[in-house]
Amino acid sequence: MRILLVEDDPMIGEAVATALKDAAYAVDWVRDGRTASHVLESAEHQAVLLDLGLPGRDGLEVLRRLREADRRLPVIIVTARDGVDDRIQGLDLGADDYLVKPFDVNELLARMRAVIRRQGGQAAPILGNGRVSLDPATREAACGDRTVTLSAREFALLQALLLRPGAILARSELEERIYGWNEEVESNAVDFLIHGVRRKLGQDVIKNVRGAGWRVDKAS
């Protein structure tokens, strides 16, 4: 999953970015509101972590413009503004959740999993298609009598496919969900990760569609 982190405090931003990467998210980090608005006009992300007290443009204005453009991208406000009126304003402008600093990073990750599930129409915490299941909280995948823990990037790849079972994802789409802007992507990275998932769960878990990409079976 590709996450846009909008945070101007370097210490907080570094800590959150590291925690997200450790949890198998690809992270793009910007430090001011104008850049955030520009990025959100074109780049594809699965969620936004949005500070409010930003240079250039306040986070609430970034959120307002995003929703006026009819973008339904999940947004979690992460801010030091802890007043009830601030929370009400943020939620009324279209935020999916509101978390006050300082916060526990595990709570942030749990809230992210929840809003991303809701965005994808998933109520249950476990992703699956009837054959393979994936627990985002533990990175454990199960298929038949096998239960294994995936590496961070193996998890990110399988999660991207299971969020859209039956859909074909091209190499570029998978790379966008696995790697951040500043991460080098080797030419055979996706093939290597698919090989790893198949080795752990079975060759037929991920299907190759020649010339188009890869998919998992539709939910049964």
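Here the structure is a predicted model, which is why all the values come from computation and not from measurement.

Calculation rules
- Residues numbered from 1 in each chain as written.
- Predicted model: local features only at pLDDT ≥ 70, side-chain atom pairs only at ≥ 80, totals over all residues.
- Heavy atoms only, no water.
- Axes fitted to C-alpha atoms, helices over the stretch in contact; angles between N-to-C directions.
- Helix = DSSP H or I, 4+ residues; strand = E, 2+ residues; numbered from the N terminus.
- Parallel < 35°, antiparallel > 145°, perpendicular 65-115°, else oblique.
- Left-handed = near helix turned anticlockwise from the far one by under 90°.
- Contact = heavy atoms within 4.5 Å.
- Nonpolar A, V, L, I, M, F, W, Y, C, P; charged D, E, K, R; others polar.
- Pairing = 2+ DSSP bridges.

Student: Which residues make up the packing of helix α6 (residues 152-162) against helix α7 (residues 171-178), and what are the values?
Tutor: One way to put it is that α6 packs onto α7 with a least axis distance of 9 Å and a crossing angle of 125 degrees. The angle between α6 and α7 places the two elements in the oblique class. For the crossing formed where α6 meets α7, the hand is right-handed. Residue-level inspection shows Arg 153, Ala 156, Leu 157, Ala 160 and Leu 161 of α6 in contact with α7, the latter providing Leu 174, Arg 177 and Ile 178. Looking at the contact of α6 with α7 residue by residue, the class counts come to six nonpolar, no polar and two charged.

Student: Go over the sheet that holds strand β7 (residues 132-135) with me, naming the residues and quoting the values.
Tutor: A sheet is described by the order of its strands in space; here four strands give the open sequence β6-β7-β8-β9, paired in antiparallel fashion. Strands with a single pairing partner mark the edges of an open sheet, and in this sheet they are β6 (127-128) and β9 (146-149). Note: β7 against strand β8 (residues 140-143), four bridges, orientation antiparallel. For Leu 134, the partnering residue across the bridge sits in β8 and is Ala 141. Those strands touched by α6 are β6, β7 and β8, and its axis lies near 120 degrees from that of β7. Against the sheet, helix α8 (residues 189-201) contacts β7, β8 and β9, and its axis sits at roughly 140 degrees relative to β9.

Student: Now, about the sheet that holds strand β5 (residues 97-100): what can you tell me, with residues and values included?
Tutor: In spatial order, the strands read β2-β1-β3-β4-β5; together these five strands make up an open sheet with parallel pairing. The open sheet has two free edges, formed respectively by β2 (26-30) and β5, since each of these has just one partner strand. Between one strand and the next, the sheet's axes are offset by a mean angle of 20 degrees, whatever the strand orientation. Both strand β3 (residues 47-50) and strand β4 (residues 75-79) contribute to a ladder of three bridges, which runs parallel. Bridged to Leu 50 within β4 is Ile 77.

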